[in-house]
Amino acid sequence: MNEAQMQHGTDWIDQDLTGRLLAEKFNGCRAYWDGATLWTRGGKAATLPAAWAAVLPAMPLDCELYDGIDGVHRCATALRFGRFTPSMSLVVFDAPAAAGDYAARLTAAADAIAGCPFALTTPLTVCRDNAHAVALMTAVQARGGEGLMARVPDLSYTPGRTHGLLKVKTVF
């Protein structure tokens, strides 16, 4: 598993976001659980805490290791050296092998991680218009967050960059 096998968004410029599914873009370290191993974006296997490995589901999950708005360096250390802390969480934003549209895949992911106290899925909001997305992005950034991801609801999971998934933030 490596970056080329993950789905990635492109930068939002001025595309119409109406009807897209908005979720917070967490500033952590991208990871991919293949059902047995947690992989970094760079294709290295991470050494998970035994408690995590024991309860993660057998299904693939596209996710982010997250440790708060200032935790990206702690997450990188955890993935590189296995130094996970109790404050870290695995934010799951897709279940690539699950059937259905994005909302169905996210529901499948939520069901699969129900027994994982350290894992959560991203809440979704249907975008009313670009002003709505900008207001939500501004609120996320006001509390120190990075921004939003805006997904076409019926976007299938396909590795590589896609315009069906946009990064909505002020700094790229």
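These remarks concern the structure in this document. Keep in mind it's a predicted model, so treat the numbers as computed, not measured.

Parameters and conventions
Residues numbered from 1 in each chain as written. Predicted model: local features only at pLDDT ≥ 70, side-chain atom pairs only at ≥ 80, totals over all residues. Heavy atoms only, no water. Buried < 20%, exposed > 50% of the residue type's maximum accessible area, 1.4 Å probe, protein only. Helix = DSSP H or I, 4+ residues; strand = E, 2+ residues; numbered from the N terminus. Pairing = 2+ DSSP bridges. Axes fitted to C-alpha atoms, helices over the stretch in contact; angles between N-to-C directions. Contact = heavy atoms within 4.5 Å. Phe/Tyr/Trp six-rings, centres within 6.5 Å; stacked < 30°, edge-to-face > 60°. Lys NZ or Arg CZ within 6 Å of the ring centre and 35° of its normal.

It is worth spelling out the pairing of strand 1 (residues 7–11) at this point. A large share of strand 1 lies buried, amounting to four of its five residues. Pairing geometry for strand 1 and strand 10 (residues 160–168), over five bridges, is parallel. In the strand pairing of strand 10, histidine 8 is matched with arginine 161.

To continue, consider the sheet that holds strand 4 (residues 38–40). Spatial ordering of the open sheet is given by 4-3-5-6-7, a layout of five strands whose pairing is mixed. Pairing within the sheet leaves two strands with one partner each, and these edge strands are strand 4 and strand 7 (119–121). Across the sheet, the axes of successive neighbouring strands diverge by a mean angle of 35°, strand direction being ignored. Judged from the three bridges that link them, strand 3 (residues 29–33) and strand 4 form a sheet pairing that is antiparallel. Paired with alanine 31 across the strands is threonine 40, a residue of strand 4. Lying on the sheet, helix 2 (residues 72–81) is in contact with strand 3, strand 4 and strand 5 (61–66); it crosses strand 3 at an angle near 40°. Its contacts with the sheet put helix 3 (residues 102–112) on strand 5, strand 6 (89–94) and strand 7, and the angle it makes with strand 6 is roughly 150°.

Quick look at the packing of aromatic side chains now. In the structure shown here, the tally under the stated rule is three aromatic pairs. Considering the side-chain rings of phenylalanine 26 and tyrosine 66, the 4.9 Å spacing of their centres and the 70° angle between planes classify their relative orientation as edge-to-face. Here the residue phenylalanine 26 occupies a position in the loop between strand 2 (21–25) and strand 3, and tyrosine 66 occupies one in strand 5, the gap between them amounting to 40 residues. Take phenylalanine 26 and tyrosine 66: they sit in the same class, and that class is buried. Put simply, the rings of Trp52, Phe84 and Phe118 touch in pairs and so form one group of aromatic residues. Over the face of the ring belonging to tyrosine 102 we find arginine 151, whose NZ or CZ atom lies 4.1 Å from the ring centre.

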